[in-house]
Amino acid sequence: MESYIGWILLVPPIAVLLMPWASRLGGWAANTLAIVAAGLPLVFTLRLIPALGGGLTYELFGAHFALDSVSLLFLVVVNAVAFACMVYATSYVAHLGGRGKFFALLLIMVFGLNAMLLTRDLFSLYLFLEVASIASYVLVAFGLEQDGIESAVKYLLLSAVATSLVLVGILLVYMTAGTLEFAALGAALAGTGGPVPGLLLLAAALFIAGFGLKAAVMPFHAWLPDAHPSAPAPISAMLSGVVIKVAGIYALVRIFFGILPEIGEVRTVFLILGTLSMIAGAVLAYFQSDFKRMLAYSSISQIGYILIGLGLGNLLGLVGALFHVFNHALFKSLLFLNSGAVQYRLGTRDIEQMGGLETRMPVTGATSVFGTLSIAGVPPFNGFWSKLFIIMGALAAGQTAIATLAILVSLFTLGYFLIIQRKVFFGHLNEKWRDIREAPAAMSLAVILLAAACLLTGVFFHSVTRGIVEPAAVILMGGN
Amino acid sequence: MESQALMVILVPLLGSLLIPLAGWAGLRKATGPMAVLLIGCSHLLTWPLLGPALAGRTGESSIPLYRWIEFSTNIDALAVFMAFTASLIATLIAVYSLGYIEHTEHEPEYYFIVTLFVGAMMGLVFSRNLIFLYMFWEISALACWRLIGYFRDPEYVWKADKAFLITFGGAVFMLLGFALIFTQYGTFDISELRGKEIGTAALVLVMAGIFSKSATVPLHTWLPDAGVAPSTITSLLHAAILVKIGLYAFARLFCNGMVIAPEAQTWLLVLALLSAFVSASAALHETNIKRLLAYSTVSQIGYTFLGLMVFTHFGYIGALLYIMAHGFAKGGLFLCAGIIEHGTHTKDMTKMGGLFRKMPVTGVSYLICALSIAGIPPMAGFFSKYFVINGLVEGGRIAIATLAILTAVVTLLYMLKSFRMVFLGESRGEAHGEGSPVMVGVVAVLAVLTLASGFLLQLPYDLVKVADGQRLVNIVSLLWR
Amino acid sequence: MLLWVLLGLLVLLTVGACVFRDLLYVAVSLALVSAVLAGILFHYGANIAGVFELSVCAGLITVLFVSTVGMTKDSDQGDETRMGRGFIPLVLLVFIGLDVLILRWLGSALPSIVPGAGSGSFQNVFWNLRSADILGQVVLILAGVFGISALFRLKVKEKKHE
């Protein structure tokens, strides 16, 4: 079983090495290789769920990797979304060119994220974060249009700021503890007992700012509404669905629940930043007329929900936050892939020019309804349950005001997603698009998979919660 | 009994998923009969529940899912009564749809959502856990969204969004209210909340949800706008499912469950009366037939709330009977409006007139249903209105009872006005004959049901009496505590 | 003495990175800056920091940055990359091979430069303590190679259009 961890790590890079030869053979070979390379880690991850127990460790050429429930939850998210995006990309990449390179970079990104989740060393976490980030910069610019390259540069600059902050933070931690290995760090820092040393407080602030930038939490969000929309659709889906969660939320969770000693103010900061992001993201999303920009702002808003759940400090809030990570990955990538399908056929992202597309693109239309209802938190879709847990957690923590705001924002979310539905899918067909066809089969298959996942994880929320979310939340509570 | 109730929920809920599949498989023609079959099955499955319910037996079942979330059901006379009435009307409307919705563009979607809608209603009626009550509540809201915008005109879709946003907004506040109740009592189980007093904040939040769903002034504006939906759907919304959800939730949560403080009760009664009276006046000035009927619904809902909120025997019995009587009559009226709209291609009553000769069956049915709503004996509407007013007097609310009678007079006025404008006098526009036999047949059946439920009032009365008995037990056990 | 040589090299290479107009030279000098810096860190006994410096491959990140910025301007760098287009797998292997060779050489050379630097000799630190980072580093180079090749695809494609 432990060897699965090695395969999860190694399959994508091996496929990357083979990719140049595969794309020589032809598009079909590159497609097959890419789908297999993205599918195998998913299969291994799913098979690890029942075998996990108290955690697994694995040694790869002397390098230590370990898996616990928290990593497993994020691994499932990463590989499930990556698989859907890869299936989608096999069709989508046709109009971009550079098929093999696209797949290779996407697989490198997946490797970086998986390795981040499996490593047990703060510096390695940083290194793998860079691996994933470099692949994402290039992928954002992959369309090679002016706005894509510009926003890639913006993304890169702000990420460079973020990673330098993180690096300084790591340095401070190393100065204090003399090690960077998670377990040893936790033990070394927890032993102090008294007030938290000033160096660690500074490090905590640097981590919040650095990883907050990566997660696009409100005051640090400026790059996201540019980078996510201008990227090719499967990359937008990966960035909004997965990368901000792993690079931002996962890192924050690892550091503040288990490594650094408990700092009371951090929770308050999470709550404030979370509430700010939740509200501002939704308000800004409301005024967008670009399909993907609206989705990008809504990601900021949903990250706010997750941060609130983390800041509540009770098990219910953590369950809600982690489940929302899972759910948001599914429905946000679904919506981005939908928007990509529309853009692929129409060549525009301006919702004012669309209308009644569901008659011509029934699969895209129907699955986008699933995504809309999930993100607005309409039961029985998955988004409802995670928001419910966050709200119940907020009430249990005595944060009635935040619970009320969370409820209001979910109403607001439904409001702006109904605008998308009304202007894009639901209504009379705009005559301009009379001859539009449904997106190609692979793209439709990917969105059907994600939409089904949204509904099924909603209906069987208890299996998901009990199976992979709650164990993770329990570990975080215990480590706190 | 428990598994029976589960079947009533699951047959339409899961069965509805087959309909779009059939649509994609090219069996468009089959989707209509499939929906009728599923909804009809669901209705037939409630028949065996009537016997035990009449005998006063109750049942409960529970599947724990996660922490305090359980899928639990509660089968008693109230639930069986609601399920029976709603599914009966829904079946008739589904049959009528076969004639009405044919040749429109999105037929499979229509039947899919309608069946899902009925399934949600059944689930809501039998739910014992507040979270699942909320869940079915929202499924019905999203069904309503797709159905109101069914004809896809920009204005229609906008109105569908409005309806969705108002009912969703009310419902999320209700959810917050439920959460507040949970923080106080630590449970979402309705039967465990029985006899507990609800806090003011939670009450306001829960009532926001109930009033938005049951279109009570000032949260009623979406309901007249929803008239842009196909007539079958407006009929379904008004008569069988949607607005009845709020009434049922009130009966379940407050008549059978939590206790409201007396001052709050007075406020609620005044709100309900206001809603009944204001919307009756609005109906008096309306010339669009579907909007007139919609305002009438708002008014009758207010009436029913009066019966429920006074917490007396007569009030409760009257309110439940009124849910049924209004369902049959208003369902019939909207289906009549559908036939009229098909025949004249307008909803404006000033362009109709003299239709009685061309549509005799529709005309007679319309008259019977309108008189039932207005409360003329021997129709069922009369008895239930009488019971409600009697209940108000029984509860010592004489002033409110007087104003309620005044509202009934206004109701008679606008109902007769609409009948005169549509069916009597000179013809003022084009008019074809009756609708298809299926459609006219269904309308006639509803008219007969309206009459029969008046003459044979004893049958529903017995069941409602049992429901009232079960309610009383709760209150008595509360007093003993 | 050695330290002064290294410091002088560092200054020279840094200036060079700013002065060179050819992207390739810029990249090479930046990578060398990184390597020399690591040497200096080792000289001071900060073995782990030195390894970090090398592992991050700061130079490579910068190359990507520079080339991305380069794309936004209308420069004429297409030729040299078109040449490499067909040899990507080969370039890749050479890259990795060189990398491993250089690190091996450093591994054997550095401890002798800095005698008695403590427990963490370069070899020990790099191959045993930080072995997870090697994997990361290899993939980082892969990302760089594929990234550059993907971005320079632009010029080729655009020229075809014209």
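In this numbering scheme, every chain counts its residues from 1 along its sequence in written order. Each chain takes a letter, starting from A, and each ligand takes a number, starting from 1, following the order in which they are written. Totals for whole chains, interfaces and linings use all residues, but because this is a predicted model, local features are given only for residues with pLDDT of at least 70 and pairs of side-chain atoms are given and counted only at 80 or more. Based on all heavy atoms of the structure, the side-chain values leave hydrogens and waters out of the count.

Trainee: For the overall build of chain B, give the residues involved together with the corresponding values.
Mentor: Helix and strand counts for chain B come out as 19 helices and 2 strands. In terms of overall dimensions, chain B is globule-like: its C-alpha atoms have a radius of gyration of 21 Å, near the 23 Å expected for 481 residues. With the C-alpha coordinates of chain B rotated into their principal frame, the extents come out at 65 × 55 × 40 Å. Within the span of chain B, comprising 481 residues, buried residues form 65% of the whole. Note on definitions: a residue-residue contact is assigned when non-hydrogen atoms from the two residues lie within 4.5 Å. Sequence separation of at least 24 residues holds for 82% of the intrachain contacts in chain B that already meet a minimum separation of 6. Using a 1.4 Å probe, the Shrake-Rupley method yields the accessible areas, and only the shown protein chains count as cover for residues. A total accessible area of about 15400 Å² is found for chain B, and carbon and sulfur atoms account for 71% of it. Distance between charge centroids for chain B: 3 Å, based on 29 positive and 26 negative side chains. In this text, helices come from DSSP runs of H or I with a minimum length of four residues, and strands from runs of E with a minimum of two, each type numbered from the N-terminal end. For a compact globule the rule gives 2.2 Å times the number of residues to the power 0.38, and the radius of gyration it is set against comes from C-alpha atoms. Burial classes follow relative accessibility: with a 1.4 Å probe on protein chains only, a residue under 20% of its type's maximum area counts as buried, one over 50% as exposed, and anything between as partly exposed. Asp and Glu are treated as the negative residues and Lys and Arg as the positive ones, with His and the ends of the chain left uncounted. Note that the charge is assigned to NZ on lysines, CZ on arginines, CG on aspartates and CD on glutamates.

Trainee: Go over the overall build of chain A with me, naming the residues and quoting the values.
Mentor: Scanning chain A for helices and strands turns up 18 helices and 2 strands. What you see for chain A is a C-alpha radius of gyration of 21 Å, in line with the 23 Å of a compact globule of 480 residues. Summarising its shape, the C-alpha atoms of chain A cover approximately 70 × 55 × 40 Å along the three principal directions. Put simply, chain A has 480 residues, and 68% of those count as buried. Summarising the internal contacts of chain A: among those between residues at least 6 apart in sequence, 82% fall at separations of at least 24. Roughly 13600 Å² of accessible area belongs to chain A as shown, and the carbon and sulfur atoms make up 66% of that amount. Measuring between centres, the 23 positive side-chain charges of chain A sit 7 Å from its 20 negative side-chain charges.

Trainee: Got a sec to walk through the interface of chain A and chain B? Specific residues and values, please.
Mentor: In this assembly, 38 residues from chain A lie in contact with 37 residues from chain B. Salt-bridge detection follows one rule: a side-chain nitrogen of Lys or Arg within 4 Å of a carboxyl oxygen of Asp or Glu. At the boundary of chain A and chain B, one finds 4 salt bridges. As a salt-bridge pair, Glu358(A) and Arg152(B) come within 2.6 Å of each other at their nearest N and O atoms. What qualifies as a polar contact is a pair of N or O atoms within 3.5 Å, subject to a donor-acceptor requirement within protein and to the restriction that residues adjacent in sequence count only when both atoms come from side chains. Summed over the shared surface of chain A and chain B, the number is 8 residue pairs in polar contact (both at pLDDT 80 or more). Of all elements in the fold, only α13 (315-346), α14 (362-376), α15 (382-396), α16 (400-425) and α18 (461-479) of chain A reach the threshold of two or more residues within the side of chain A that touches chain B. Broken down by element, the side of chain A that touches chain B gets its largest block of residues, 11 residues, from α16(A). Three classes are used, and their members are as follows: Ala, Val, Leu, Ile, Met, Phe, Trp, Tyr, Cys and Pro are nonpolar, Asp, Glu, Lys and Arg are charged, and the others, Gly among them, are polar. Grouping the amino acids of the side of chain A that touches chain B by side-chain chemistry returns 24 nonpolar, 10 polar and 4 charged.

Trainee: Help me get a handle on empty space enclosed by the protein, residues and values and all.
Mentor: Where empty space is left becomes clear once a probe the size of a water molecule has been rolled over the atoms. Lining residues are defined by having an atom within 4 Å of a point belonging to a cavity or pocket. Those points lie on a 1 Å grid over the protein atoms alone, cavities being sets where a 1.4 Å probe fits but cannot get out and pockets being open sets with protein on both sides within 12 Å along at least five of seven lines. Grid points are joined across faces, edges and corners, and a volume is the space filled by probe spheres set on the points. Counted by the stated rule, this structure contains 7 cavities of 30 Å³ or more. In this structure, the second largest cavity occupies an estimated 80 Å³ of space. Along its surface, the second largest cavity is lined by Ala376(A), Gly377(A), Phe384(A), Lys387(A), Leu388(A), Ile391(A), Ile407(A), Ser410(A), Tyr134(B), Val172(B) and Leu175(B). Looking at the lining of the second largest cavity element by element, the count peaks at 4 residues for α15(A). Residue composition of the lining of the second largest cavity, grouped by class: 8 nonpolar, 2 polar and 1 charged.

Trainee: I'd like a rundown of helix α12 (residues 291-311) of chain A, residues and numbers included.
Mentor: Residues and elements named next belong to chain A. To estimate how far a helix should extend, the number of its residues minus one is multiplied by 1.5 Å. Over its 21 residues, α12 runs 31 Å from end to end, which matches the ideal 30 Å to within 8%, given 1.5 Å per residue. Across the 21 residues that make up α12, a large majority, 20, are buried. Regarding α12, its N-cap is Asp290, as a side-chain oxygen of that residue lies 2.9 Å from the backbone nitrogen of Lys292 further along. Within two residues after α12, Gly313 carries a phi angle of roughly 80 degrees, on the positive side.

Trainee: Please provide a residue-by-residue account of unusual backbone geometry, values included.
Mentor: Residue and element names in this part refer to chain B. With an omega of 5 degrees, the peptide bond between Val217 and Pro218 qualifies as cis. Mapped onto the secondary structure, Pro218 falls in the loop between α8 (200-213) and α9 (222-225). Of note, the amide linkage connecting Pro377 to Pro378 takes the cis form, showing an omega dihedral of 10 degrees. Along the chain, the position of Pro378 falls in the loop between α15 (360-374) and α16 (380-394). Unusually for a residue other than glycine, Ala215 sits at a positive phi of about 50 degrees. Among the structural elements, Ala215 can be located in the loop between α8 and α9. Note on Ala215: relative accessible area 0%, which makes it buried. One non-glycine residue with positive phi stands out, namely His345, at about 60 degrees. Exposure remark for His345: the relative accessible area of 56% places this residue in the exposed category.

Trainee: Give a detailed account of the side chain of Lys417(B), specifying residues and quantitative values.
Mentor: Residues and elements named next belong to chain B. Relative to the assigned elements, Lys417 resides in helix α17 (residues 398-423). The side chain of Lys417 sits in the buried core without any salt bridge; Glu286 is the nearest counter-charge, 8.1 Å away. Not counting chain neighbours up to four residues away, the residues in contact with Lys417 comprise Ala283, Leu284, His285, Glu286 and Leu292.

Trainee: A description of the environment of Leu405(A) should follow, citing residues and the corresponding values.
Mentor: Residues and elements named next belong to chain A. Position of Leu405 relative to the elements: it lies in helix α16. Residue classification places Leu405 among the partly exposed positions, given a relative accessible area of 29%. When the C-alpha positions of Leu405 and Met278 are compared, they lie 8.8 Å apart, and in sequence the two are 127 residues distant. For Leu405, the residues in contact, after removing those within four places along its chain, are Thr275, Met278 and Ile279.

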